[in-house]
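# Coordinate inspection notes
In case you want the letters, here they are:
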Amino acid sequence: MSDKIPEGNRSARERLAQQREREKGREKRRRTLIVASAVVGVLGLAAVVGLIAANAGKDDGGDSASGPAVAPSGAIGEAALTLPVGAADAPSTLTIWEDFRCPVCAQFETAFRDTITELADDGQIRVEYHLATIIDGNLGGTGSLRAANAAACAQDVGKFASYHDVLFSNQPPEPDDAFAKNSRLIELAGEVEGLDTPGFRSCVEDGEHDSWVKKSDTAFREGGFQGTPTVLLNGESVFPGKGDEQISPENLKKWVAEANKGKKPGSASPAEGSTTPSAPAEGSTTPSAPADGSAAPSGPAEGASTPVAPSSAAGS
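Just so you know, these numbers come straight off a predicted model, no measurement behind them.

What counts and what doesn't
Residues numbered from 1 in each chain as written. Predicted model: local features only at pLDDT ≥ 70, side-chain atom pairs only at ≥ 80, totals over all residues. Heavy atoms only, no water. Pairing = 2+ DSSP bridges. Helix = DSSP H or I, 4+ residues; strand = E, 2+ residues; numbered from the N terminus. Contact = heavy atoms within 4.5 Å. Axes fitted to C-alpha atoms, helices over the stretch in contact; angles between N-to-C directions. Phe/Tyr/Trp six-rings, centres within 6.5 Å; stacked < 30°, edge-to-face > 60°. Buried < 20%, exposed > 50% of the residue type's maximum accessible area, 1.4 Å probe, protein only. 1 Å grid on protein atoms, 1.4 Å probe; cavity = no way out; pocket = protein on both sides within 12 Å on 5 of 7 lines; lining within 4 Å. Points joined across faces, edges and corners; volume = space filled by probe spheres on them. Nonpolar A, V, L, I, M, F, W, Y, C, P; charged D, E, K, R; others polar.

### What about the sheet that holds strand S6 (residues 236-237)?
- An order of S1-S3-S2-S5-S6 is seen for the five strands of this open sheet, with the pairing classed as mixed. At either margin of the open sheet sits one strand with a lone partner, and together these are strand S1 (83-85) and S6.
- As judged from the four bridges shared by strand S2 (residues 92-98) and strand S5 (residues 230-233), these two strands associate in the antiparallel manner. Across the sheet, residue Leu-94 finds its bridge partner in S5, namely Leu-233.
- Across the sheet, helix H2 (residues 103-121) lies against S2, strand S3 (125-131) and S5, angled at about 150° from S3, the strand it touches most.

### Regarding the packing of aromatic side chains
- Inspection of every chain in the model, using the stated rule, returns eight aromatic pairs.
- Relative to Phe-225, the ring of Trp-97 has its centre 5.1 Å away and its plane inclined at 40°; by these criteria the two rings are tilted. In this pair, Trp-97 is assigned in strand S2 and Phe-225 in the loop between helix H8 (210-222) and strand S4 (227-228), connecting sequence segments 128 residues apart. You'll find Trp-97 and Phe-225 in the same group, each marked buried.
- Summarising the aromatic geometry, the rings of Phe-220 and Phe-225 are spaced 5.7 Å apart at their centres and angled 20° between planes, so their arrangement reads as stacked.
- For Phe-220, a relative accessible area of 0% puts it in the buried group.
- An aromatic cluster is defined as three or more aromatic residues linked by ring pairs; in this entry it consists of Trp-97, Phe-220 and Phe-225.

### Here's the deal with the layout of surface pockets
- Of the volumes computed, that of the largest pocket is approximately 270 Å³.
- The wall of the largest pocket is formed by 16 residues, among which Val-85, Thr-117, Ala-120, Asp-121 and Ala-161 lie closest to the centre.
- Listed by contribution, the elements that provide at least two residues to the lining of the largest pocket are H2, S3 and helix H5 (160-169).
- Looking at the lining of the largest pocket, the element that brings in the most residues is H2, giving six residues.
- For the lining of the largest pocket, a count of residues per class yields nine nonpolar, three polar and four charged.

Structure follows, in structure tokens:
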């Protein structure tokens, strides 16, 4: 039998081999193009990320917390870190540490806002607010700082309480740093009558109280508090509970009534509302105890159910 391959078959095999070589070449070029495109994409992404990082805050105020700590008007207490709401001579003090990005703080405000407002309006308590920025540290971003600065700007014109409530009512999801945009904070100011003014806008955009906010956050971190919200009634922790009782609107009213037994309700004008600017807060950033003499709160009570979610932990 002959070993020779017929000429027709040889030509067919050669053509097939050539076709395979051409296909390999095309596949190689395709893979090279894919790899090159991926590299360009990564470099492009890095450039975009670098540009975003380099320009973060330029259009919306940025972080100008390197200057002196300018306290908002009407701030009281050690280093003027307390924003008071209610009668100055109320028999009891409710101290609240909050972060405007903290979801549990928003839950607390939703559940207790009406009760706290009623107690303050009746002269039973003075509420002393302190601002923290722990979510910025935990998740990144500047929304806690920007919102706190805007709230301090609202305090300058006696609108803190109303704007505080608007911020929590419009809080974005925790990972969404929407409050980092000064434009959003100014937009929300439109929901508070008389707040959206050129002076307020300038205060927000310039970060006038940024250093003061950072000083307040330092006080929170060095104060031994466990997270936000931290709620103290006359220095005793009442969130998420007091003793064996869980916090609730009814229990909060009861605890205040017990604390105020035999005492007259406050009648002095609310401490909030002064429009005379305060001088820059001087001195060390190391905080003392809150102005009402409170100590660090105890750990959460077992079985607490209001609010259901755990408080945001402090730290970065």
